[in-house]
Structure formats: structure tokens, C-alpha cells
Amino acid sequence: MFRCLLGSIPALVMAMAGFCAPVSAWQVSDRQAYNNKMALLTVILEGAKQRAVEADDLETLCLVMSIGNDVTELYLQEQTSDQQIRQRLNGMRDDFSACIGLLGNSL
């Protein structure tokens, strides 16, 4: 019986490694997908900032900021322990609030 138990330990370790590896890979791909979305939104945000200055189009700027906030909040619902992104979201919310304030003043 002892010999049978020892034989099952490597099998158990292999099974655990098989289950843990996809989970960590999934978390990495979630972060990569978030980073890709935010990189695209950053390009769009830069264009919206330029448009806000040149054409006084604050609505588009606030809309793009809102989309960035939504993407970040959705990511944090899945990855609640990511403090770096949580801090980023706080800054993004502050920027969005300032944008809405400017938009309200311009109307």
C-alpha cells in the first residue's frame, strides 16, 4: 500500500501542475488583452484631446475617457488584486470627472 501511495504522488503533482499552468496563462492573457485595449484607447484619446483643443469637442474626449474607465473596471472585476491598475483607475476617474466638469461649464 505504501508503494502504491508513493506512485500516486508524482501523478498528483503532474495533475496539479496541469491545472495551475492554464490558470496563470489565462491571467497573463487577460492582462495582455487589457494592455492592448488600453494602448488602442490611448491613441484614440490623443486624437480626442487634439480635437477638443482644435474644435472645442469635449464630448468626444469625455466619451473616450468613459470607455477607458469601463474597460479598466471590467478588467478589475476579474483581477481584483491588481493594485497598479486600481490606482490607474482612480486617476482615470479623476480625469473623467474633470472632463465632465469642463463639459458642464462649456454648455
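Predicted model only: the values in this text are computed from it and were never measured. (Residues numbered from 1 in each chain as written. Predicted model: local features only at pLDDT ≥ 70, side-chain atom pairs only at ≥ 80, totals over all residues. Heavy atoms only, no water.)

*Asks:* Can you walk me through the overall build of the chain in this structure?
*Replies:* Helix and strand content of the chain: three helices and zero strands. Starting at the N terminus and walking to the C terminus, you meet the elements of the chain as α-α-α. Counting over 107 residues, the chain shows a buried share of 24%. Long-range contacts, defined as pairs at least 24 residues apart, comprise 58% of the intrachain contacts of the chain with a sequence gap of at least 6. Counting only carbon and sulfur atoms, one obtains 64% of the accessible surface of the chain, whose full area is about 7800 Å². (Helix = DSSP H or I, 4+ residues; strand = E, 2+ residues; numbered from the N terminus. Buried < 20%, exposed > 50% of the residue type's maximum accessible area, 1.4 Å probe, protein only. Contact = heavy atoms within 4.5 Å. Areas by Shrake-Rupley, 256 points an atom, 1.4 Å probe, with all protein chains shown as cover.)

*Asks:* For this particular structure, what's the right way to read the packing of helix H2 (residues 58-78) against helix H3 (residues 83-106)?
*Replies:* Helix-helix packing: each pair is described by the crossing angle between the helix axes and the interaxial distance. The contact between H2 and H3 brings their axes to 9 Å, and the two run at 155°. Taken together, the axes of H2 and H3 lie roughly antiparallel to each other. As for how H2 packs across H3, the hand of that crossing is left-handed. Judged by residue contacts, Leu58, Glu59, Leu61, Cys62, Met65, Ser66, Gly68, Asn69, Thr72, Glu73, Tyr75 and Leu76 of H2 engage Ile85, Arg86, Leu89, Met92, Arg93, Asp95, Phe96, Cys99, Ile100, Leu102, Leu103 and Ser106 from H3. (Axes fitted to C-alpha atoms, helices over the stretch in contact; angles between N-to-C directions. Parallel < 35°, antiparallel > 145°, perpendicular 65-115°, else oblique. Left-handed = near helix turned anticlockwise from the far one by under 90°.)

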